[in-house]
Amino acid sequence: MTFHGGDDLWVGDMLFAGSIGRTDLPGASLATLEHSIRTRLFPLGDALRVLPGHGPPTTIGRERADNPFVGERARLT
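Please read these numbers as outputs of a predicted model, since none were measured by experiment.

Engineer: Which residues make up the overall build of the protein chain, and what are the values?
Structural biologist: Per the secondary structure count, the protein chain includes 3 helices and 6 strands. For the protein chain, the N- to C-terminal ordering of α and β elements is β-β-β-β-α-β-β-α-α. Relative to the globule expectation of 11 Å for 77 residues, the C-alpha radius of gyration of the protein chain, 12 Å, shows essentially globular dimensions. A buried classification covers 32% of the 77 residues belonging to the protein chain. Within the protein chain, counting contacts between residues at least 6 apart in sequence, those at least 24 apart form 54% of the total. Working note: accessible area of the protein chain is about 4,800 Å², and carbon and sulfur atoms make up 55% of it. Once the 8 positive and 9 negative side-chain charges of the protein chain are each reduced to a mean point, those two points are 2 Å apart.

Structure follows, in structure tokens:
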């Protein structure tokens, strides 16, 4: 579950600066998490500030470009 208010997006443990949430827990799915981030979060706009459950804030644009799991670079590997 995420919450969007103004220019902020509270994402819990779904997306982090340079990482994504855990997928090694029972019921978790890497494919589902990747799909959700790419189809539900990325379309919200690059300027949106992402506030994860812990760790530093980031932006959708930064994660779209540089996140090694779901960013543009991940699609090239």
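Engineer: Tell me about a nonpolar patch on the surface, residues and numbers included.
Structural biologist: Among the surface-exposed residues, Met 1, Phe 3 and Trp 10 lie close enough to one another that they form a single nonpolar patch of about 420 Å² accessible area. Structurally, Trp 10 can be placed in strand E2 (residues 8-12).

Engineer: Give a detailed account of the side chain of Thr 58, specifying residues and quantitative values.
Structural biologist: Mapped onto the secondary structure, Thr 58 falls in strand E6 (residues 58-59). Owing to a relative accessible area of 2%, Thr 58 belongs among the buried residues under this scheme. Side chain to side chain, Thr 58 and Arg 62 meet in a polar contact 3.5 Å long. A distance of 2.6 Å separates a polar atom in the side chain of Thr 58 from a polar atom in the side chain of Glu 63. The contact partners of Thr 58, leaving out residues within four places of it in the chain, are Phe 16, Ala 17, Leu 48, Arg 49, Val 50 and Glu 63.

Definitions and cut-offs
- Residues numbered from 1 in each chain as written.
- Predicted model: local features only at pLDDT ≥ 70, side-chain atom pairs only at ≥ 80, totals over all residues.
- Heavy atoms only, no water.
- Helix = DSSP H or I, 4+ residues; strand = E, 2+ residues; numbered from the N terminus.
- Rg over C-alpha atoms; globule rule 2.2 N^0.38 Å.
- Buried < 20%, exposed > 50% of the residue type's maximum accessible area, 1.4 Å probe, protein only.
- Contact = heavy atoms within 4.5 Å.
- Areas by Shrake-Rupley, 256 points an atom, 1.4 Å probe, with all protein chains shown as cover.
- Lys, Arg positive; Asp, Glu negative; His and termini not counted.
- Charge placed at Lys NZ, Arg CZ, Asp CG, Glu CD.
- Patch = residues over 30% accessible without salt bridge, like charges linked within 9 Å, V, L, I, M, F, W, Y side chains within 5 Å.
- Salt bridge = Lys/Arg side-chain N within 4 Å of Asp/Glu carboxyl O.
- Polar contact = N/O pair within 3.5 Å; in protein donor to acceptor, adjacent residues only side chain to side chain.

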